[in-house]
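Residue-level structure breakdown
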Amino acid sequence: WLGSYIEYNTKKVYRSCILLFLDFIGKSSEEYVKSLIKNSHVKGFEELLSRYGSVRKIVRALGKEVEKFYNTYAFKEDVERFVTYIKKQGKSSATIHLYVNAVRLFFRKMFLLTLSEDDWRDIRIKYKGGRVIEDEAGVPELWRTILMNMNLCYRSLFLFLLSSGCRISEALKLKVSDFDFDKDPPRAIIRAEYTKTNESRIVFFTNEAKEEILKWLKYRKTRKKRNGRIFESERIWPITDTSVRVALHNALDRARGLNSFKVYERERVISRRGEKRLEVWRHYKIHIHSARKFFRTYAVKGMNLDMVEQLMGHRGYLSEYRRHTVEELANEYKLSLIHISEPTRPLYI
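Structure report, in brief. Here the structure is a predicted model, which is why all the values come from computation and not from measurement.

**A closer look at the overall build of the protein**
Per the secondary structure count, the protein includes 16 helices and 5 strands. Here the protein holds 349 residues, and the buried ones make up 42% of them. For the protein, restricting intrachain contacts to residue pairs at least 6 apart in sequence, the fraction spanning at least 24 positions comes to 65%. With an accessible surface of roughly 19,700 Å², the protein has 49% of that area assigned to carbon and sulfur atoms.

Structure, rendered in structure tokens:
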């Protein structure tokens, strides 16, 4: 089931969602589906089970006919209990929706176990709303300070993200050959295998981002690995999204007085004996995805909305009747540069 998804992060998140649900139920997926079989059909199902050996094989053999065996009411109750369980952990409504959607997709795909739209609507009502997560696109002044507190590698990356609207997963896959620094404005091709939508597109970035990227590529040639070999990679930024997140948080910690995070406290059980301690953690208002939000916020001040959405690679704006030529996008992009390049200007005064 996970193999049908392209993005590594999607697989990782969905896997953790399903494992958490099965851990909550206390059964494997096969055992759980068996427990949902209606009492009135147990005899017939047992005959099928002895013939095929597993529920998955029965599903493959019978197709949609297997739906008559399922107790969907019990499945709905279990999902509702699961929602209550993760809600008590303080998860946001968006996070709960992600978990529930993963469960819905998994059991529909693997076992043809489905609920009606009314049933899913009843489940969604239980977590709709929820706690509000403070999340910001960031203002130019904040991003200036963040960029000033980053090393060359991460600064060049965030300058590219801020001025292109590219996803972090796409940016970290880009190779040197994907960039064209000689065009005006400079641009990069996001290949289909890099994207979430599985469609390629062109993105543009500012001259300030171009200068920093070229500096980074030049500096990278002087770097060596621990074994003494020259540091070489086809990727522009051969780093992980985790290291990018750490670099951003470190820069935010140095950006004092800009209210970039909130400090929270809570008591949490940390042992089986029931011992508690006061746990203090930070919730950052600025995330990696905030760079993409910044582009969306400021690009529309000088560009047509459809063009902005096309540059960002939103699926709804990739249909043929809304597609613009590369030159049309380039000309429109230049009109928005005064807004997009605002965070980078102090770096070059």
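Still more ground to cover, so stick around.
**Quick word on the pattern of salt bridges**
Enumeration according to the criterion identifies 15 salt bridges in this entry. For the salt bridge of Arg191 with Asp178, the shortest nitrogen-to-oxygen distance reads 2.7 Å. In this pair, Arg191 sits in the loop between strand 2 (187-190) and strand 3 (201-204) while Asp178 sits in the loop between helix 10 (168-171) and strand 1 (179-180), placing the two residues 13 residues apart along the sequence. Residue Arg187 pairs with Glu327 through a salt bridge whose shortest N-O separation is 3.8 Å. One end of the pair, Arg187, is in strand 2; the other, Glu327, is in helix 15 (residues 326-335), and 140 residues separate them in sequence. Shared partners join several salt bridges into a network, and the residues in it are Lys76, Asp119 and Asp122.

**Considerations on the pairing of strand 2**
When strand 1 meets strand 2, the two strands line up antiparallel, connected through 2 bridges. Counted as the bridge partner of Phe179 is Ala188 from strand 2. Pairing of strand 2 with strand 3 involves 4 bridges; the strand directions are antiparallel. The residue of strand 3 that forms the bridge with Arg187 is Phe204.

**Topic: the environment of Trp216**
In this fold, Trp216 is placed in helix 11 (residues 207-220). The sequence separation of Trp216 and Cys153 amounts to 63 residues, and the corresponding C-alpha distance is 6.0 Å. Beyond its immediate sequence surroundings of up to four residues, Trp216 is in contact with Leu152, Cys153, Ser156, Ile236 and Trp237.

**Concerning unusual backbone geometry**
The omega torsion across Asp184 and Pro185 is 0°, close enough to zero to call that bond cis. Tracing the chain through its elements places Pro185 in the loop between strand 1 and strand 2.

**A short note on helix 1 (residues 8-25)**
In this model, helix 1 (18 residues) spans 26 Å end to end at C-alpha, consistent with the 26 Å of a helix rising 1.5 Å per residue. For helix 1, every residue scored as buried is listed here: Tyr14, Cys17, Ile18, Phe21, Leu22 and Ile25. Here the buried residues of helix 1 occupy an arc of 125° about the axis, which is enough to place them on one side. Residues Tyr8, Arg15 and Asp23 are exposed on helix 1 and point more than 90 degrees away from its buried face. The inward-facing, buried residues of helix 1 abut helix 2 (29-35), helix 5 (72-88) and helix 6 (93-111). Two residues or fewer after helix 1 comes Gly26, characterised by a positive phi angle close to 85°.

**Points about the sheet that holds strand 3**
Reading across from one edge, 1-2-3 is the order of the 3 strands in this open sheet, with antiparallel pairing throughout. Unpaired on one side and paired on the other, strand 1 and strand 3 mark the two borders of the sheet. Its contacts with the sheet put helix 15 on strand 2 and strand 3, and the angle it makes with strand 3 is roughly 20°.

**A closer look at the packing of helix 1 against helix 5**
Two elements in contact, helix 1 and helix 5, have axes separated by 11 Å at closest approach and are oriented at 105°. In terms of orientation, helix 1 lies roughly perpendicular with respect to helix 5. On helix 5, the residues touching Cys17, Leu20, Phe21, Phe24 and Ile25 of helix 1 are Asp78, Val79, Arg81, Phe82, Tyr85 and Ile86.

**Looking at the packing of aromatic side chains**
Enumeration over the complete set of coordinates arrives at 28 aromatic pairs. Judged by centre distance (5.1 Å) and plane angle (90°), the rings of Phe21 and Phe82 are edge-to-face. With a gap of 61 residues between them, Phe21 in helix 1 and Phe82 in helix 5 connect regions that are remote in the sequence. By relative accessible area, Phe21 is classed as buried at 0%. Classification of Phe82 as buried rests on a relative accessible area of 0%.

**Remarks on the packing of helix 5 against helix 6**
For the pair helix 5 and helix 6, interaxial distance at closest approach is 10 Å and the crossing angle is 150°. The angle between helix 5 and helix 6 places the two elements in the roughly antiparallel class. The handedness of the crossing between helix 5 and helix 6 comes out as right-handed. On helix 6, the residues touching Phe75, Val79, Phe82, Val83, Ile86 and Lys87 of helix 5 are Ile96, Tyr99, Val100, Val103 and Phe107. Along the lines of polarity and charge, the residues of the contact of helix 5 with helix 6 split into 10 nonpolar, no polar and 1 charged.

**Comments concerning the nonpolar core**
Ranked by size, the top nonpolar core spans 44 residues in total, and within it Phe158, Phe160, Phe179 and Trp237 carry the most contacts. Mapped by element, the contributors of at least two residues to this core are helix 8 (140-148), helix 9 (152-164), helix 10, strand 2, helix 11, helix 12 (241-254) and helix 13 (289-299). Ranked by residue count, the leading element in this core is helix 9, at 9 residues. Among all residues touching Phe158, those that are not within four sequence positions of it are Trp143, Leu147, Met150, Val244, Leu248, Ile288 and Ala291. Counting 40 residues, the second largest nonpolar core, distinct from the first, contains Ile25, Ile86, Leu105 and Met110.

Conventions adopted
- Sequence order as written defines residue numbering, which begins from 1 separately in each chain.
- Given that the model is predicted, a residue must reach a pLDDT of at least 70 before its local features are reported, and side-chain atom pairs must reach 80 or more before they are shown or counted; all residues, however, enter totals for whole chains, interfaces and linings.
- Note that water and hydrogens are dropped before the side-chain values are worked out from all heavy atoms of the structure.
- A run of H or I in DSSP becomes a helix once it reaches four residues, and a run of E becomes a strand once it reaches two; helices and strands are each numbered from the N terminus.
- Buried means the residue's accessible area, taken with a 1.4 Å probe over protein chains only, is under 20% of the maximum for its type, while exposed means over 50%, and partly exposed covers the values in between.
- Between two residues, a contact is recorded if the distance between any of their heavy atoms is within 4.5 Å.
- Working definition of accessibility: Shrake-Rupley area with a 1.4 Å probe, residue cover restricted to the visible protein chains.
- By definition here, a salt bridge exists when the distance from a side-chain nitrogen of Lys or Arg to a carboxyl oxygen of Asp or Glu is within 4 Å.
- For two strands to be treated as a pair, DSSP must find at least two bridges joining them.
- Take the residue count of a helix, subtract one, and multiply by 1.5 Å to get its expected span.
- What the arc measures is the spread of directions leading from the helix axis to the C-beta atoms.
- To obtain an axis, a line is fitted to C-alpha atoms, over the contacting stretch when the element is a helix, and the angle between two such axes runs from 0 to 180 degrees between their N-to-C directions.
- Note on angle classes: values under 35 degrees are labelled roughly parallel, values over 145 roughly antiparallel, values of 65 to 115 roughly perpendicular, and the remainder oblique.
- Centre distance within 6.5 Å is the pairing criterion for rings of Phe, Tyr and Trp, where only the six-membered ring of Trp is used; planes under 30 degrees apart are then read as stacked, over 60 as edge-to-face, and the remainder as tilted.
- For any pair of crossing helices, the crossing counts as left-handed if the nearer helix is rotated counterclockwise from the farther one by less than a right angle, and right-handed if it is rotated clockwise.
- By the convention adopted, Pro, Cys, Tyr, Trp, Phe, Met, Ile, Leu, Val and Ala count as nonpolar, Lys, Arg, Asp and Glu as charged, and the other residues, Gly among them, as polar.
- The definition of a nonpolar core used throughout is a set of buried Ala, Val, Leu, Ile, Met, Phe, Trp, Tyr and Cys residues joined through side-chain atoms within 4.5 Å.

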